[in-house]
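Per-entry structural report
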Amino acid sequence: MSARAAADAFERAFGHPPTGVWAAPGRVNLIGEYTDVNEGFVLPLALPHTVRAAAAPRDDGRLRLHRGDDPATGWAELGPADLAPGRTTGWAAYPAGVLWALREAGHELGGADLQIDGDVPQGAGLSSSAALECAVALALAGTAGLGLDPRETARICQRAENAFVGVPCGIMDQTASVSCVAGHALHLDTRDLAHRQVPFDPEAAGLRLLVVDTRVKHALADGAYAQRRAGCEAGARALGVRALRDVPHDRLEDALDRLPDSGLRALVRHVVTEDERVRQAVERLDAGDVRAVGPLLDAGHASLRDDFRVSCPELDLAVAVANSAGALGARMTGAGFGGSVVALAPAERAADVERAVLGAFARAGHARPRVFAVVAGAGARRLA
Ligand code: GLA
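Everything numeric in this text was worked out from a predicted model, so none of it was measured.

Quick look at the site of the ligand now. Taken together, the residues surrounding the ligand are Arg-27, Glu-33, Tyr-34, Asp-36, Cys-169, Gly-170, Met-172, Asp-173, Tyr-225, Gly-334 and Ala-335. Within the backbone of Gly-170, an N or O atom sits 2.9 Å from an oxygen atom of the ligand. Here Asp-173 contributes a side-chain N or O atom positioned 2.6 Å from an oxygen atom of the ligand. Among the residues making up the shell around the ligand, the classes are represented as 5 nonpolar, 2 polar and 4 charged.

Pasting the structure below:
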């Protein structure tokens, strides 16, 4: 959807024009899963898909929200009492949480009218929530004339999700949404948010990056995510480190020997080897060898499936079938329990991979997945 269309939708909903239109992308994580909740390293890229927020300020402190095309539906109107954690639920909690977190961070903000649209697949492990938070943060800051730097924006959006929506996510998705640059993957140290843009252009290497949205919906809030996170923290405590990122890969065996049970050992092994896979992926991309990232995707998937235990049959099937149809490697991406797979395939095999995945899902009686190729898109920005 163009900025013009977003502005028109705003005007149809609110009866006056917006002062601006902002967009923030979803992301696909190339590698580095569940490392951000261990202060480790990740390597996401922005999707071409975005959430758009058209906005105008209000001076009564209220937040009026509308999403979609139909002015008769999709409304939420929030007053001061609703703008506190626990008081607003559903999709409106994300924009409300961002306004709350901005105010909590000391920014003096009135209210706003916001029109929300977008094409980031929802519940697909592609960070539609972070895209919504970041688009709203840019819109609220933009209409109020606030200068927010990308790190602060990401932290505010994460706070909104943790403390207002109630999902204990890490900082990867929000940072990817605000800091990614087209044609690059973002090598991010989630401890201090230091990052480097790593050139990532699979097309130039004759490859395609494919996303398979299994359409199996995950619910991050259902406790499994929090339970993995708590397990990692218990592992760090047992090893006497601040976070698992502080366990060096070449000391992993020693660390595992010091852990009391096999469950903790499996969680720690995933996180420490995953940080190492991120390091190797960056090294291979820097050397111009995109193909060599394939085996790292496979190793990452096996680790998430067998050690971290966040995969599911549909994700495992998509990975296995993509590989047997010619992909160079594939893995689940995002929090798991459904959502998407990312696969790296030679351009001439991309159609085979898609056909094979659709066929295998039909034979297994699963819902029809959505398969699409992505290029590394731009981070959050003002459109108009
Ligand atoms: C979700 C969270 C992220 C990250 C991933 C798993 O996307 O929002 O912070 O933890 O899961 O890597």
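Moving on from the coordinates now.
With that settled, consider the packing of aromatic side chains. Applying the stated criterion across every chain yields a total of 5 aromatic pairs. Ring geometry for Phe-14 versus Trp-75: centroids 5.2 Å apart, planes at 85 degrees, classification edge-to-face. Linking Phe-14 in helix H1 (residues 3–14) with Trp-75 in strand S4 (residues 75–78), this pair joins segments that are 61 residues apart in sequence. For Trp-75, a relative accessible area of 35% puts it in the partly exposed group. Judged by centre distance (5.3 Å) and plane angle (40 degrees), the ring pair of Tyr-34 and Tyr-225 falls under tilted. Linking Tyr-34 in the loop between strand S1 (20–31) and strand S2 (41–58) with Tyr-225 in helix H6 (residues 224–239), this pair joins segments that are 191 residues apart in sequence.

What follows concerns the sheet that holds strand S10 (residues 340–346). Hydrogen bonds between backbone groups are what pair the strands of a sheet, and the pairing can be parallel or antiparallel. The strand order across the open sheet built from 4 strands is S9-S10-S8-S11, with neighbouring strands paired in antiparallel fashion. Every other strand in the sheet has two partners, leaving strand S9 (329–333) and strand S11 (370–374) as the edge strands with one partner each. Pairwise comparison of adjacent strand axes, ignoring direction, gives a mean angle of 25 degrees for this sheet. Where strand S8 (residues 207–213) meets S11, 5 bridges bridge the pair, whose relative direction is antiparallel. Paired with Asp-213 across the two strands is Arg-370, which belongs to S11. Running at roughly 160 degrees to S9, helix H10 (residues 313–324) makes contact with S8, S9 and S10 of the sheet.

Here the focus is the nonpolar core. Grouped together as the largest cluster of nonpolar side chains are 52 residues, with contacts concentrated most on Leu-63, Leu-65, Val-98, Leu-114, Ile-116 and Leu-140. When residues in this core are grouped by element, the largest group, 10 residues, is from helix H3 (residues 128–144). Aside from chain neighbours lying at most four places away, what touches Ile-116 is Val-51, Arg-52, Ala-53, His-66, Arg-67, Gly-68, Trp-91, Leu-132 and Val-136. Formed by 45 residues, the second largest nonpolar core is a distinct cluster that contains Cys-232, Leu-267, Val-268 and Ala-360.

Turning our eyes to something else, we now look at the domain arrangement of the protein chain. Split by domain assignment, the protein chain resolves into domain 1 (3–197) and domain 2 (200–374). Placing a centre on the C-alpha atoms of domain 1 and another on those of domain 2 gives a separation of 26 Å. Opposite the 38 residues of domain 1 that make contact, domain 2 presents 46 residues. When domain 1 packs against domain 2, the two sides together hide about 3500 Å² of surface, and 62% of this comes from carbon and sulfur. Taken together, domain 1 and domain 2 are joined by 5 salt bridges.

Conventions and cut-offs
Residues numbered from 1 in each chain as written. Predicted model: local features only at pLDDT ≥ 70, side-chain atom pairs only at ≥ 80, totals over all residues. Heavy atoms only, no water. Near = heavy atom within 4 Å. Polar contact = N/O pair within 3.5 Å; in protein donor to acceptor, adjacent residues only side chain to side chain. Nonpolar A, V, L, I, M, F, W, Y, C, P; charged D, E, K, R; others polar. Phe/Tyr/Trp six-rings, centres within 6.5 Å; stacked < 30°, edge-to-face > 60°. Helix = DSSP H or I, 4+ residues; strand = E, 2+ residues; numbered from the N terminus. Buried < 20%, exposed > 50% of the residue type's maximum accessible area, 1.4 Å probe, protein only. Pairing = 2+ DSSP bridges. Axes fitted to C-alpha atoms, helices over the stretch in contact; angles between N-to-C directions. Contact = heavy atoms within 4.5 Å. Core = buried A, V, L, I, M, F, W, Y, C linked by side-chain atoms within 4.5 Å. Domains from an automatic or database assignment. Buried area = accessible area lost by both parts, 1.4 Å probe. Salt bridge = Lys/Arg side-chain N within 4 Å of Asp/Glu carboxyl O.

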